[in-house]
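Spelled out, the chains give:
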Amino acid sequence: MTALCIENLKKTYKNGFEALKGIDLTVKQGDFFALLGPNGAGKSTTIGIVSSMVTKSSGRVRIFEYDLDKQTNQAKNCIGLVPQEINFNQFETVRNIVITQAGYHGIPRKEAKIRADRCLKQMDLWELRDRVSRRLSGGMKRRVMIARAMVHAPRLLILDEPTAGVDIEIRHAMWEMMREVNRQGTTIILTTHYLEEAESLCRNIAIINHGKIVENSDMLSLLDRINKEYFVLNLTKPLKTVPDIADFSMELTEPRLLTVAVPKHRTLNDLFQRLSAAGIEVSSLKNKSNRLEQLFMDIVR
Amino acid sequence: MKSSVALTTILAKEIRRFTRIWPQTLLPPAITTSLYFLIFGKLIGDRVGLINGVSYMDYIVPGIILMAVISHSYANVVSSFYSTKFQRHIEELLVSPVPNWVILVGYTGGGVARGMLVGSIVAAISTVFSDFQVQNWPVAIAIFILTAVLFALAGFINAVFADSFDDISIIPNFVLTPLSYLGGVFYSVSMLPAMWQQVSLANPILYMINAFRYGLIGVSDVGIERSFLMTGGFILSLVLFSLWLLHRGVGIKN
């Protein structure tokens, strides 16, 4: 079954800006799907239309086979949305925010309280349940939005840059939470600017640019297309000139830092053998940038 | 069934909002109207004498009660719904399966609740200054409720179109307050010159105040049937317009 099916979706804003130029997208049930793109590419417009916050110009959206135009309430009930910006009542307590959202989904108050408490515990917010939300830190506010989005047990969870601005510890905890939610059967669509996040979490990916889908495939096939990977090597002794080693292009960033491009048909073993033969010793190495990031830049450039 | 839960949720949220901030929402009208009764009714009223056969204090009580209902039912919805837009938690409603009529009834219901609560507080205070006997309970209660509904709806529409906090204070300050004062709260339109009597008849608030006055003390400058017809007509028009605005997503969707 498809969790989300978008057909020829177009959106032109009143000022004439064409945000979506007829996109088609399918997300399968149970998937962990990345929707990537540079700022202004159309990601948020797409999510806005799917979650009924933006009116489309034309096209069709189905959520778990429910037509968003004709079976609006059934379709909406399948979705949980964690938006990019904080959008809850800043004067309300954490627990009330989650209970109120459950009420909007028709969950009676007694049941809503049970569900809200469960979600708050899952998000590690139980101790803060009676705190007025404006007194929370940025990371806590994001977790409140996730708890709110989860309270009606949505089949499709849309996370629009959920980890933006949160520290590394919380980000990793949120990744683990997202994986767990996905393992339990919830389909997840994630937009993010942290491409290592998409690479680490998502199985399938679409890249949107200038209102069009420019890439749509599974993550492994996409990464398989990378022709070169860049590594930064720390050397034990400084070099004065760039070594000349066939098949590997190199750049001496500093006397002890060598950046090497390793082509797809070559291995790191080949590189190290040749470096050893040239009398160059390597103490450590790291990726110059995330693999997906290189590919992303090539696609949207 | 699900819509009823959503409706109860919005209503409870709205009532919780204005009762939580009671020093801003319930206390000021109690103080202001006490001063109205003391200054206009007691100090000045004793020198005015009778109007249409009743004491000036008794004459102004219905208008002052209804003025409180009008301003507070309007203010509650316009500030609450605009804040919902401003803080973007309108998105909580947009992404949920909440029908438009539930949003409208929920928010206007909150305004009606506050308008009626404030009206009841003012009515209770009025008993300290006046000993009038209610002449027609059904008319008084019906117009009390309908007025709250009408101005809660008007507040909702104002909030839908508002783009800033200035926009939610323009109508109350420059339209509602003058129309209320000129709607015969403190005087009978029969005291005005003929031309101004005709002009006053174009003020819808005049009909509500007079219908309420008829219900409370049995005195009115206009026909009661006409007052109910006008109020009912306005309510129906505003309900249809509000639902159309919500359906089109005016002011709340991109």
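Residues numbered from 1 in each chain as written. Chains lettered and ligands numbered in written order. Predicted model: local features only at pLDDT ≥ 70, side-chain atom pairs only at ≥ 80, totals over all residues. Heavy atoms only, no water.

**What to know about the overall build of chain A**
Link 1 in the chain: Across its full length, chain A holds ten helices and 14 strands.
Link 2 in the chain: Summarising its shape, the C-alpha atoms of chain A cover approximately 75 × 45 × 35 Å along the three principal directions.
Link 3 in the chain: Here the analysis covers contacts within chain A between residues at least 6 apart in sequence; of these, 66% occur between residues at least 24 apart.
Link 4 in the chain: When the accessible surface of chain A is split by element, carbon and sulfur atoms take 47% of a total near 14200 Å².
Link 5 in the chain: Side chains of chain A carry 44 positive and 35 negative charges; the gap between the two charge centres is 5 Å. (Helix = DSSP H or I, 4+ residues; strand = E, 2+ residues; numbered from the N terminus. Contact = heavy atoms within 4.5 Å. Areas by Shrake-Rupley, 256 points an atom, 1.4 Å probe, with all protein chains shown as cover. Lys, Arg positive; Asp, Glu negative; His and termini not counted. Charge placed at Lys NZ, Arg CZ, Asp CG, Glu CD.)

**Things to note about the interface of chain A and chain B**
Link 1 in the chain: With 31 residues of chain A in contact, the opposing surface of chain B contributes 22 residues.
Link 2 in the chain: Summed over both sides, the interface between chain A and chain B buries roughly 2500 Å², with carbon and sulfur atoms accounting for 48% of that surface.
Link 3 in the chain: When the buried area of chain A at its contact with chain B is split by residue, A:M53, A:N87 and A:Y104 rank highest and sum to 28% of it.
Link 4 in the chain: Joining chain A to chain B, the criterion identifies four salt bridges.
Link 5 in the chain: The salt bridge involving A:E92 is made with B:R20; its shortest N-O contact spans 3.5 Å.
Link 6 in the chain: Linking chain A with chain B are eleven residue pairs in polar contact (both at pLDDT 80 or more).
Link 7 in the chain: Take the side of chain A that touches chain B: its biggest share by element is six residues, from helix α3 (residues 94-104) of chain A. (Buried area = accessible area lost by both parts, 1.4 Å probe. Salt bridge = Lys/Arg side-chain N within 4 Å of Asp/Glu carboxyl O. Polar contact = N/O pair within 3.5 Å; in protein donor to acceptor, adjacent residues only side chain to side chain.)

**Thoughts on a nonpolar patch on the surface**
Residues and elements named next belong to chain B.
Link 1 in the chain: The grouping of W22, L27, I31, L35, L38, I39, F40, L43, I44 and V48 at the surface amounts to a nonpolar patch, some 870 Å² of accessible area in total.
Link 2 in the chain: Examining the composition of the nonpolar patch, we find that nine residues originate from one element, helix α3 (residues 27-48), more than from any other.
Link 3 in the chain: The topology assignment puts L38 in helix α3. (Patch = residues over 30% accessible without salt bridge, like charges linked within 9 Å, V, L, I, M, F, W, Y side chains within 5 Å.)

**A few points about the sheet that holds strand β7 (residues 156-160) of chain A**
Residues and elements named next belong to chain A.
Link 1 in the chain: Pairing within the open sheet is mixed, and its six strands lie in the order β6-β7-β8-β3-β9-β10. Each edge of the sheet is formed by a strand with only one pairing partner; in this case those strands are β6 (79-82) and β10 (212-218). In this sheet, adjacent strand axes meet at a mean angle of 15° when their direction is disregarded.
Link 2 in the chain: In the sheet, strand β3 (residues 32-36) pairs with strand β9 (residues 204-209) via four bridges, with the strands oriented parallel. Looking at the pairing, L35 lines up with A206 of β9. (Pairing = 2+ DSSP bridges. Axes fitted to C-alpha atoms, helices over the stretch in contact; angles between N-to-C directions.)

**Points about the domain arrangement of chain A**
Residue and element names in this part refer to chain A.
Link 1 in the chain: Domains assigned within chain A are domain 1 (2-224) and domain 2 (228-300).
Link 2 in the chain: Here the C-alpha centre of domain 2 lies 39 Å away from the C-alpha centre of domain 1.
Link 3 in the chain: At the junction of the two partners, domain 1 supplies 16 residues and domain 2 supplies nine residues.
Link 4 in the chain: In total, about 1100 Å² of surface goes out of reach between domain 1 and domain 2, with carbon and sulfur atoms giving 69% of it. (Domains from an automatic or database assignment.)

**Some thoughts on the side chain of B:S242**
All names here are of chain B.
Link 1 in the chain: Of note, S242 is situated in helix α11 (residues 224-248).
Link 2 in the chain: Residue classification places S242 among the buried positions, given a relative accessible area of 0%.
Link 3 in the chain: Dropping the residues within four chain positions of it, S242 is found in contact with L104, L153, F156 and I157. (Buried < 20%, exposed > 50% of the residue type's maximum accessible area, 1.4 Å probe, protein only.)

**Here we look at the pattern of salt bridges**
One side chain can pair with another of opposite charge once the charged atoms of both are near each other.
All names here are of chain A.
Link 1 in the chain: Enumeration according to the criterion identifies 18 salt bridges over all chains in this entry.
Link 2 in the chain: Between E176 and R183 there is a salt bridge, with its nearest N and O atoms 3.1 Å apart.
Link 3 in the chain: With relative accessibility at 39%, the residue E176 sits in the partly exposed group.
Link 4 in the chain: For R183, a relative accessible area of 54% translates into the label exposed.

**Focus: the packing of aromatic side chains**
Link 1 in the chain: On inspection of all chains with the given rule, the structure shows 13 aromatic pairs over all chains.
Link 2 in the chain: On the basis of an interplanar angle of 25° and a centroid distance of 6.3 Å, the ring pair of B:F161 and B:F241 is categorised as stacked. One end of the pair, B:F161, is in helix α7 (residues 137-161); the other, B:F241, is in helix α11, with 80 residues separating them in the sequence.
Link 3 in the chain: B:F161 sits in the partly exposed class, given a relative accessible area of 44%.
Link 4 in the chain: Using a relative accessible area of 33% as the deciding quantity, one classes B:F241 as partly exposed.
Link 5 in the chain: Taken together, B:Y36, B:F40, B:Y181 and B:F186 form an aromatic cluster joined through their ring pairs.
Link 6 in the chain: The residue whose ring lies beneath A:R155 is A:F64, and the NZ or CZ to ring-centre distance is 4.0 Å.
Link 7 in the chain: One residue, B:R213, lies across the ring of B:Y59, its end atom 3.8 Å from the ring centre. (Phe/Tyr/Trp six-rings, centres within 6.5 Å; stacked < 30°, edge-to-face > 60°. Lys NZ or Arg CZ within 6 Å of the ring centre and 35° of its normal.)

**Quick word on the pairing of β7(A)**
Residues and elements named next belong to chain A.
Link 1 in the chain: Judged by how many residues are buried, β7 sits mostly within the fold: five of five residues are covered.
Link 2 in the chain: Here β7 shows a buried face lined by L156, I158 and D160 and a second buried face lined by L157 and L159.
Link 3 in the chain: Pairing of β6 with β7, which is carried by four bridges, proceeds in the parallel orientation. Residue pairing across strands places G80 opposite L157, the latter belonging to β7.

**Describing the sheet that holds strand β2 (residues 18-28) of chain A**
Residue and element names in this part refer to chain A.
Link 1 in the chain: The four strands are arranged β2-β1-β4-β5 in an open sheet whose pairing can be described as antiparallel. Unpaired on one side and paired on the other, β2 and β5 (66-67) mark the two borders of the sheet.
Link 2 in the chain: Across two bridges, strand β4 (residues 58-63) lies against β5 in antiparallel orientation. Considered in β5, the bridge of I63 is made with Y66.

**Regarding the pairing of strand β8 (residues 187-191) of chain A**
All names here are of chain A.
Link 1 in the chain: For β8, the buried fraction is high: five of the five residues fall into the buried class.
Link 2 in the chain: Residues T187, I189 and T191 of β8 are buried on one face, and the alternating residues I188 and L190, pointing to the opposite face, are buried as well.
Link 3 in the chain: Across three bridges, the pairing between β3 and β8 is parallel. Its bridge partner lying in β8, F33 is registered against I189.
Link 4 in the chain: Bridge count for β7 against β8 is five bridges, and the pairing is parallel.

**Structural notes on the environment of A:L157**
All names here are of chain A.
Link 1 in the chain: With respect to the helices and strands, L157 occurs in strand β7.
Link 2 in the chain: The spatial distance from the C-alpha of L157 to the C-alpha of V181 is 9.1 Å, given a sequence separation of 24 residues.
Link 3 in the chain: Those residues within four positions of L157 in sequence are excluded, and the remaining contacts are G80, V82, A149, M150, V181, T186, T187, I188 and I189.

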